[in-house]
Amino acid sequence: MSARRRAVVFPRQKRILEQLGENIELALKRRRISQELLHQRTGISKPTLRKVVRGDSTVSIGHYMIVLSVIGLESDLAMVASDKVLIDKLEAIEKLRSNSKA
């Protein structure tokens, strides 16, 4: 039997995951969704749900997505790679480069 592989998570990423877990926990409290109700709606085991609200790095992103869906925040995950300001800056730089070549 082989050992399970685990992702190497550095302290900065660990803090980000912990913050995500805390944000999920706060969202659940604001919506008055108990762990039991969350378990019923997601089918995720209670130990795994406890790991989600702790921001545990061993939990799959799919489990985080399911929990975010229940609390109505699944579209927030798509926002991770969507930085309008950065995109605008990159487009402006590209435009300047192409103008300087002409």
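Above this note sits the structure.
Every residue gets a number counted from 1 within its own chain, in the order that chain's sequence is written. Whole-chain, interface and lining totals are the exception, using all residues; otherwise, since this is a predicted model, local features are given only for residues with pLDDT of at least 70 and side-chain atom pairs are given and counted only at 80 or more. To get the side-chain values, take all heavy atoms of the structure and skip hydrogens and water.

## Describing the pattern of salt bridges
And step 1. A side-chain nitrogen of Lys or Arg and a carboxyl oxygen of Asp or Glu constitute a salt bridge if their distance falls within 4 Å. All told, the structure shown has 2 salt bridges when counted by the stated rule.
And step 2. Here glutamate 18 makes a salt bridge to lysine 14, at a shortest N to O gap of 2.8 Å. A residue pair is termed a helical-turn pair when its members lie 3 or 4 positions apart in one helix, as glutamate 18 and lysine 14 do in helix H1 (residues 11-30) at 4 residues.
And step 3. Exposed residues in this analysis have more than 50% of their type's maximum accessible area, buried residues have under 20%, and partly exposed residues fall in between, with area computed by a 1.4 Å probe over protein chains only. Given a relative accessible area of 45%, lysine 14 falls into the partly exposed group.
And step 4. For the salt bridge of glutamate 36 with lysine 46, the shortest nitrogen-to-oxygen distance reads 2.5 Å. Of this pair, glutamate 36 sits in helix H2 (residues 35-42) while lysine 46 sits in helix H3 (residues 46-54), and the two are 10 residues apart along the sequence. Put simply, DSSP H or I for four residues or longer makes a helix, DSSP E for two residues or longer makes a strand, and each gets a number counted from the N terminus.

## Describing the layout of surface pockets
And step 1. Considered as a void within the structure, the largest pocket measures approximately 290 Å³ in volume.
And step 2. Definitions used for this entry: grid spacing 1 Å over protein atoms alone; cavity, a set of points where a 1.4 Å probe fits but cannot get out; pocket, an open set with protein on both sides within 12 Å along at least 5 of 7 lines; lining residue, one with an atom within 4 Å of a point. Arg4, Arg5, Arg6, Ala7, Thr48, Lys51, Ser57, Thr58, Val59, Ser60 and His63 together form the lining of the largest pocket.
And step 3. Space inside the second largest pocket adds up to approximately 240 Å³.
And step 4. Forming the walls of the second largest pocket are 13 residues, and the residues nearest its centre are Leu17, Leu20, Ile61, Tyr64 and Leu77.
And step 5. When contributions to the lining of the second largest pocket are tallied by element, the ones reaching two or more residues are H1 and helix H4 (61-70).
And step 6. Among the elements that take part in the lining of the second largest pocket, H1 stands out by supplying 4 residues, more than any other. Grid points are joined across faces, edges and corners, and a volume is the space filled by probe spheres set on the points.

Taken by themselves, the reported measurements are silent on function.
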